[in-house]
Amino acid sequence: MKRFPLLFLLALAACNTDKETSTVEIEDPASRIYEYTPAPGQFINSSDAGFPDTPITTPAEATVYATERLANGLYVSLGGWGGYLVAEFDQPVPNTGGYDLYVIGNTFDGSSEPGIVWVAQRVQGAPGTWYQLRGSEYDNAETLHGYEITYTAPAQAGEPVAWSDNYGHTGTIDRIGVHTQESYVPAWVASLTYRGTRLRDNVRYDEASGKYIMQPFSWGYADNYSMIDRLGMKNRFRIADAVDERGEAVHLPQIDYIRIQTGVNTKAGNNVGEISTEVCGVGCYRTVTRIE
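Residues numbered from 1 in each chain as written. Predicted model: local features only at pLDDT ≥ 70, side-chain atom pairs only at ≥ 80, totals over all residues. Heavy atoms only, no water.

Draft legend 1. Quick peek at the overall build of the protein. Each helix and strand in the protein was counted, giving two helices and 23 strands. Here the protein, with 292 residues, has 46% of them falling under the buried criterion. For the protein, the computed accessible surface area is about 14,400 Å², with 50% contributed by carbon and sulfur atoms. Each charge sign in the protein was given a centre, from 22 positive and 36 negative side chains, and these centres are 5 Å apart. (Helix = DSSP H or I, 4+ residues; strand = E, 2+ residues; numbered from the N terminus. Buried < 20%, exposed > 50% of the residue type's maximum accessible area, 1.4 Å probe, protein only. Areas by Shrake-Rupley, 256 points an atom, 1.4 Å probe, with all protein chains shown as cover. Lys, Arg positive; Asp, Glu negative; His and termini not counted. Charge placed at Lys NZ, Arg CZ, Asp CG, Glu CD.)

Take a look at the structure:
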């Protein structure tokens, strides 16, 4: 039996009826969460963030948790710097040169917790090389490429989580009073060493209001109150902005995976705590043909 391409059949149907065809752009959520590997943070293991009473101890349980949260439009926290979430598309997302992807966050004016976005193609059923999507801070002198941080689980419950980086700096993920769970460390993450790009600190203290302000970056980041790429709670991204590890542009005809990673390693007072990217949804834009 002969097989005909879908577009040919649509065209044939249009020719044989009085109906017209049109193309529209739709939002298509990612098909599944491939990996959820947060860094330590105040929302990890917290009932406020929907974690179950029985602790999550395996990567499979963690992806189920993240999948259910996003399916209900709720946030998933990536924790401190380096924590990430990977979503997979069942059909490749084409590079159109325009906005191809979106990430929904919970940002608002004065509370940006920017996450860096990476993309990859499918190689033997898994992500191949990851490429960063260039944002407004990529060439900033304060942006640290090849950044690495290691968190150390505390010896006793209720203690801060210490960290050290490959620049000789140290610090802590502090305990926050309203988040009283025993541990801020994701037990299902085998290694607490994270790698990627660190953006400059975006927190400032506003003396007039007595509040800490998390400032947005211009464009190119998730959970970021951008005036350029944001529509409501969505930040939009272009596959065309992909760069390799040398910062050189890479042409990817399509991608299959998207990774969102907390990009700022800083914290704020007044019980705000670490700056952690939150994700409420991930998807792409697709052009489809309709017969009317």
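Draft legend 2. View of the sheet that holds strand E1 (residues 21-29). Spatial ordering of the open sheet is given by E1-E23-E5-E17-E16, a layout of five strands whose pairing is antiparallel. With one partner strand each, in any of the chains shown, E1 and strand E16 (230-231) form the two edges of the open sheet. Two strands pair when backbone bridges link them, and E1 and strand E23 (residues 281-291) are joined in this way by nine bridges, in the antiparallel orientation. Within E23, the position partnered with Ser 22 by the bridge is Arg 290. (Pairing = 2+ DSSP bridges.)

Draft legend 3. Fine view of unusual backbone geometry. Not every positive phi belongs to a glycine, and Asp 223 is a case in point at roughly 55°. Within the secondary structure, Asp 223 sits in the loop between strand E15 (211-214) and E16. The residue Asn 270 is not glycine, and still its phi comes out positive at about 55°. Mapped onto the fold, Asn 270 is located in the loop between strand E20 (267-268) and strand E21 (273-274).

Draft legend 4. Up close: the packing of aromatic side chains. As enumerated under the stated definition, the model contains 12 aromatic pairs in all. For the ring pair Phe 217 and Tyr 221, a centre distance of 5.7 Å and an interplane angle of 65° mean the geometry is edge-to-face. With relative accessibility at 3%, the residue Phe 217 sits in the buried group. Put simply, the rings of Tyr 36, Phe 51, Tyr 65 and Trp 188 touch in pairs and so form one group of aromatic residues. The positively charged end of Arg 238 is found above the aromatic ring belonging to Trp 219, 5.6 Å away from the centroid. (Phe/Tyr/Trp six-rings, centres within 6.5 Å; stacked < 30°, edge-to-face > 60°. Lys NZ or Arg CZ within 6 Å of the ring centre and 35° of its normal.)

Draft legend 5. Representation of the environment of Ile 260 within the structure. Summarising the element assignment, Ile 260 is placed in strand E19 (residues 254-262). Owing to a relative accessible area of 0%, Ile 260 belongs among the buried residues under this scheme. Residues Ile 260 and Phe 51, spaced 209 residues apart in sequence, show a C-alpha to C-alpha distance of 20 Å.

Draft legend 6. Main features of the nonpolar core. By size, the foremost hydrophobic cluster in this structure holds 53 residues, and its most contacted members are Tyr 36, Leu 85, Leu 101, Tyr 151, Ile 258 and Ile 260. Apart from the residues lying within four places of it in its own chain, the contact partners of Tyr 151 are Ala 39, Pro 40, Gly 80, Trp 81, Val 161, Ala 162, Trp 163, Ile 173, Leu 192 and Tyr 194. Grouped together as the second largest cluster of nonpolar side chains are eight residues, Ile 116, Leu 199, Tyr 221 and Val 264 included. (Core = buried A, V, L, I, M, F, W, Y, C linked by side-chain atoms within 4.5 Å. Contact = heavy atoms within 4.5 Å.)

Draft legend 7. Structural detail: the sheet that holds E19. Spatially, E2-E4-E19-E6-E9-E18 is the arrangement adopted by the six strands of the open sheet, whose pairing is antiparallel. Pairing within the sheet leaves two strands with one partner each, and these edge strands are strand E2 (32-37) and strand E18 (242-243). Judged from the two bridges that link them, strand E9 (residues 131-133) and E18 form a sheet pairing that is antiparallel. Of the residues in E18, the one forming a bridge with Leu 133 is Ala 242. Across the sheet, helix H2 (residues 59-71) touches E2 and strand E4 (84-94), and the angle it forms with E2 is around 120°. (Axes fitted to C-alpha atoms, helices over the stretch in contact; angles between N-to-C directions.)

Draft legend 8. Focus on the pairing of E15. Of the strand pairs in this sheet, strand E14 (residues 203-206) and E15 are connected by four bridges, and their pairing is antiparallel. Paired with Val 203 across the strands is Met 214, a residue of E15. Joining the antiparallel neighbours E14 and E15 is a turn of four residues, in which Gly 210 adopts a positive phi near 70°.

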